[in-house]
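A structural walkthrough
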Amino acid sequence: MLTSPHPSDLSNGLRLWRNRRRVSQLELALRAGTTQRHVSFIESGRSVPGRDMVIRLAESLQVPLRDRNALLLAGGYAPAYDETPYDGPGLGAIRTALTGILEGHRPYPAVVVDRRGDLVLANRTFHALTTGVSAHLLTPPVNIPRLLLDPSGLAPRIVNFAQWSWHVIEALTREAVQNPTPESDALIQDLTALIPPRPEPAPGHLGFAVPLCLRSEYGDLRLITTLTRFGTAVDVTVAELRMEAFLPADDQTAKALRALDPT
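**Looking at the nonpolar core**
- In terms of nonpolar packing, the biggest core is built from 36 residues, with Ile144, Leu147, Leu149, Ile169, Leu212 and Leu221 touching the most fellow members.
- Residue assignment for this core shows that the elements contributing at least two residues are strand 1 (110-113), helix 7 (124-129), helix 8 (144-149), helix 9 (161-178), helix 10 (182-192), strand 3 (212-214), strand 4 (221-229) and helix 12 (251-260).
- Counting residues per element, this core draws most heavily on helix 9, at 7 residues.
- Residues contacting leucine 212, with those up to four places away along its chain left out, are Ile158, Asn160, Trp164, Leu221, Arg222, Leu223 and Phe246.
- Formed by 21 residues, the second largest nonpolar core is a distinct cluster that contains Leu10, Leu14, Val39 and Leu65.

Here it is, written out as structure tokens:
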């Protein structure tokens, strides 16, 4: 379908996501099963894609489901992906599964957060680690990056705070590049103001992805993290959840965590 050659919100949005993903028109066309000429016409506003083509292009660009819905709306189509409230009956099976995974991870700490980094679910071990943290940081919505880096939070207990705080900032920055929002930019700015200047790399520096060294009543804990997402979710809420699980980096930490949260 041809229209007047003026870019629309849809064409601008698709071009923005293509540039953000650093994908050429030809590569996008190959991924989506169309032609470079058609992609060029869509981005210039000379052609209006059908609903299925919008979805194919967005999927090829790994656009988050929330933003896919926004592109569809910009093209005059109804959203394709539901956004079910986390505490609603429609996600009962998801809540049960996540609770089982977090409880099964004990005595090691684990949390589930949403796209803003706000706490959705945590196991008992994680709650034990936050004992003594300022009450305002534990009042919902509890933002996990802020809980970690705020001086009223866990920051004073982090032995390698100068290095590990930049690990958190870099992780947030990578996430913001992939899924940009004004809220994520504001959070990064706020948290960067709370941490020391970026340390100079020492000899043998391997990056800031270092274990979290955390003081506890059972001794210093050395924790490494794993991130898990729902890779095949078709619901906005579920797709935006991620689980961060902490694992002991040594036997002493494993023993201390078992003492902290005896089963």
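**Details of the sheet that holds strand 2 (residues 119-122)**
- Reading across the sheet, the 5 strands line up as 2-1-5-4-3 and stay open at both edges, with antiparallel pairing between neighbours. With one partner strand each, in any of the chains shown, strand 2 and strand 3 form the two edges of the open sheet. Recorded for the sheet is a direction-independent mean angle of 30° between the axes of neighbouring strands.
- Relative to strand 5 (residues 242-248), strand 4 runs antiparallel, the two sharing 7 bridges. Following the sheet pairing, threonine 225 is matched in strand 5 by phenylalanine 246.

**Structural notes on the pattern of salt bridges**
- All chains considered together, the criterion is met by 14 salt bridges.
- Of the charged contacts in the structure, one is a salt bridge between arginine 106 and glutamate 103, with a shortest N-O distance of 3.0 Å.
- Looking at arginine 106, the relative accessible area reads 17%, which means it is buried.
- Two residues, arginine 116 and aspartate 114, come together in a salt bridge whose shortest N-O distance is 3.1 Å.
- On the basis of relative accessible area, aspartate 114 is assigned to the buried category, the value being 15%.
- Three or more residues are tied together by salt bridges with common partners; here these are Arg66, Glu83, Arg115 and Glu240.

**Examining unusual backbone geometry**
- For the peptide bond that leads from arginine 106 to proline 107, omega is 15°, which places it in the cis range.
- Its place among the elements puts proline 107 in the loop between helix 6 (92-105) and strand 1.
- The linkage connecting proline 140 with the following residue, proline 141, adopts the cis geometry, with an omega of 0°.
- A positive phi angle is found at glutamine 62, which is not glycine, with a value near 55°.
- Here glutamine 62 shows up in the loop between helix 4 (51-60) and helix 5 (65-74).

Procedures and definitions
Throughout this description, residue numbers start from 1 for each chain and increase along the sequence as written. Only residues with pLDDT of 70 or above have their local features reported here, since the model is predicted, and side-chain atom pairs are shown and tallied only from 80 upward, although totals for entire chains, interfaces and linings are computed over all residues. The basis for the side-chain values is all heavy atoms of the structure; hydrogens and waters are excluded. Among buried residues, the Ala, Val, Leu, Ile, Met, Phe, Trp, Tyr and Cys ones that are joined through side-chain atoms within 4.5 Å form a nonpolar core. Partly exposed residues are those whose accessible area sits between 20% and 50% of the maximum for their type, while under 20% is buried and over 50% is exposed, using a 1.4 Å probe and protein chains only. Helix numbers and strand numbers start at the N terminus; a helix is a DSSP run of H or I with at least 4 residues, a strand a run of E with at least 2. Whether two residues are in contact is decided by their heavy atoms: any pair within 4.5 Å suffices. Pairing between two strands is assigned when DSSP locates at least 2 bridges connecting them. With axes taken as lines fitted to C-alpha atoms, and helix axes fitted only over the stretch in contact, angles between N-to-C directions fall between 0 and 180 degrees. A pair is scored as a salt bridge if a Lys or Arg side-chain nitrogen falls within 4 Å of a carboxyl oxygen belonging to Asp or Glu.

Honestly, it's all geometry; don't read function into it.
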